[in-house]
Amino acid sequence: MIFGSVMRRLDVSDVAGSLRVMENHIRSLQEQLEYTLYNLDSTNVTELDTNITDIVSSDGGIHISGEGLSLYGRQGEKIVMGGRDGVFQLQIAGRGGQPAIYLDSSGTVVVGSQARIQLDCGTWD
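Residues numbered from 1 in each chain as written. Predicted model: local features only at pLDDT ≥ 70, side-chain atom pairs only at ≥ 80, totals over all residues. Heavy atoms only, no water.

Novice: Lay out the pattern of salt bridges with the relevant residues and their values.
Specialist: The tally for this structure, following the rule as stated, stands at 1 salt bridge. For the salt bridge of Arg27 with Glu23, the shortest nitrogen-to-oxygen distance reads 3.0 Å. With Arg27 and Glu23 both in helix α1 (residues 15-38) and 4 residues apart, the pair spans about one turn of that helix. Here Glu23 falls in the partly exposed class, since its relative accessible area comes to 43%. (Salt bridge = Lys/Arg side-chain N within 4 Å of Asp/Glu carboxyl O. Helix = DSSP H or I, 4+ residues; strand = E, 2+ residues; numbered from the N terminus. Buried < 20%, exposed > 50% of the residue type's maximum accessible area, 1.4 Å probe, protein only.)

Right, here's the structure in full:
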């Protein structure tokens, strides 16, 4: 419950007193609402609909919106994945933001010229 108080009954024969009761109640509601909004943060928000509300980190490194998730590094690196216009995609870019690897919704992987490939095959007997 946001508002913890109920306005006292009004006395129709005492207009001035009833107005004071209403004024005090409205002031109390205002204070409660201001307190609630001032203290609204990540500790008391448990769920957001990303189709309505974008989630962005304060440094811009993380962006969650609709069906997509984006992570950005300090030197232009990025990972972007999720749906766009109903089509899933995954993009990985290295330093400077140059595209390295793509994955489309059909499962096709494209390795760009910016990608360095190293295979670790483990140890041989």
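Novice: Talk me through the pairing of strand β6 (residues 99-104); I want residue IDs and the actual numbers.
Specialist: For strand β5 (residues 87-93) and β6, the ladder comprises 5 bridges, and the chain directions are antiparallel. Its bridge partner being in β6, Gln89 is matched across the sheet by Asp104. Across 3 bridges, β6 lies against strand β7 (residues 109-111) in antiparallel orientation. Bridge pairing in β7 links Tyr102 to Val110. Count of turn residues in the β6/β7 antiparallel hairpin: 4 residues, of which Gly107 carries a positive phi of about 95°. (Pairing = 2+ DSSP bridges.)

Novice: Lay out a nonpolar patch on the surface with the relevant residues and their values.
Specialist: Nonpolar side chains collect at one region of the surface, where Met7, Leu10, Val15, Leu19, Met22 and Ile26 lie side by side and expose about 530 Å² of accessible area between them. Tracing the backbone shows Leu19 in helix α1. (Patch = residues over 30% accessible without salt bridge, like charges linked within 9 Å, V, L, I, M, F, W, Y side chains within 5 Å. Areas by Shrake-Rupley, 256 points an atom, 1.4 Å probe, with all protein chains shown as cover.)

Novice: Describe the pairing of β5, listing the residues and the values that go with them.
Specialist: Where strand β4 (residues 78-84) and β5 come together, 7 bridges link them in antiparallel fashion. Bridged to Met81 within β5 is Leu90. Here β4 folds back onto β5 in antiparallel fashion, the turn holding 2 residues, of which Asp85 has a positive phi close to 55°.

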